[in-house]
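The lines below spell out each chain.
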Amino acid sequence: MHLSLSIKTSSILCKGVSSLEEQLQWAKQDLKLSDDLPFGKLSHIPMMQARRMSKATSLACESFLTVLETHSVDAAVFLSEHGELERSHKILDAINQNQNISPTDFSMSVHNVAAGLSTILSQKNIEVSSISAGQDGLFQALFEIMVLLESGAENVLLVAFDGNIPEFYHNYGVHDEPTYAMTMLFEKGNDWQINFKNCSTESAIAIPLPIQLAHAYLSTQQGFTLKGVNQLSTWECNV
């Protein structure tokens, strides 16, 4: 499988990394995430809305709204391996203990809540997809982006995000995730040649592929490989 795409802009929000200066400084260093530093302030989301959101969803919405400040967006693909799993766990735990379910947890527990809230806050009537495809989800999102571009979209924004996994699931083989949100705005072009191959990886991926992609792009690498569980992709820059 082969894709040709161009990238207009990219960003990442995580602990200790929010401003453009912090992102570029993070990209110059070896790839790692901090657990000690705080998250940056949210400047695009009303406080009452932000208080109802999970941290991952608030970062996704913030990232989405930040891109819209400087770029027009025709379509968006929201990618999350676990979505609102923490809220779902709260609901199940409340049921198990015969307690009332929080209306907020119930209404905000669906996987596409970040996509819905982002379009509501931005008041943008654009086509939006939500994808969950395990640790290889980035590759599925890229295929979706290519379909949208071939269907007439001038550009498509990828918003990849995830948050902490409740400890209950750790005993069932679900690995913990850093809380982050990354964006990458794609358009038709030949700036990047992306080739896919099948592979097999027995261990979980330590750092999510979207974070690896953002780090490689922001550090201006001209070529790199992203290895997932069942696929790997090689990226070559032509500019």
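Residues numbered from 1 in each chain as written. Predicted model: local features only at pLDDT ≥ 70, side-chain atom pairs only at ≥ 80, totals over all residues. Heavy atoms only, no water.

## Describing the sheet that holds strand 8 (residues 231–237)
What the eight strands build is an open sheet, ordered 3-2-4-5-1-6-8-7; its pairing is mixed. Each edge of the open sheet carries a strand with a single partner, namely strand 3 (127–131) and strand 7 (223–227). When strand polarity is set aside, the average angle formed by the axes of neighbouring strands in this sheet is 30°. Running over the sheet, helix 7 (residues 137–150) touches strand 1 (2–13), strand 2 (75–79), strand 3, strand 4 (155–162), strand 5 (180–188), strand 6 (192–198), strand 7 and strand 8 and is turned about 170° from strand 2. (Pairing = 2+ DSSP bridges. Helix = DSSP H or I, 4+ residues; strand = E, 2+ residues; numbered from the N terminus. Axes fitted to C-alpha atoms, helices over the stretch in contact; angles between N-to-C directions. Contact = heavy atoms within 4.5 Å.)

## Re the side chain of D162
If you trace the backbone, D162 turns up in strand 4. Residues within four places of D162 in sequence aside, it is in contact with A56, S80, E81, H82, G83, E177, P178, T179 and Y180.

## Describing the nonpolar core
Counting residues in hydrophobic clusters, the biggest one holds 43 residues, and the most contacted among them are L158, M182, F186 and W235. Per-element accounting of this core gives the leading share, nine residues, to helix 7. (Core = buried A, V, L, I, M, F, W, Y, C linked by side-chain atoms within 4.5 Å. Buried < 20%, exposed > 50% of the residue type's maximum accessible area, 1.4 Å probe, protein only.)

## A look at the pattern of salt bridges
Under the definition given, this model contains three salt bridges. With its nearest N and O atoms 2.8 Å apart, the salt bridge here joins R87 to D105. Here the residue R87 occupies a position in helix 4 (residues 85–96), and D105 occupies one in helix 5 (residues 103–107), the gap between them amounting to 18 residues. Look at R87 and you get buried, because its relative accessible area is 10%. One salt bridge in this structure joins K188 and E150, with 3.9 Å as the shortest N-O distance. On the criterion of sequence distance, the pair formed by K188 in strand 5 and E150 in helix 7 is long-range, its members being 38 residues apart. In the salt-bridge network here, residues are joined through shared partners; they are E84, R87 and D105. (Salt bridge = Lys/Arg side-chain N within 4 Å of Asp/Glu carboxyl O.)

## Regarding unusual backbone geometry
Notably, N98 is not glycine yet its phi reads approximately 55°, a positive angle. Tracing the backbone shows N98 in the loop between helix 4 and helix 5. By relative accessible area, N98 is classed as exposed at 75%. Positive phi, close to 60°, is recorded for T220, a residue that is not glycine. Tracing the sequence through the fold places T220 in the loop between helix 8 (209–218) and strand 7. We classify T220 as exposed; its relative accessible area is 56%.

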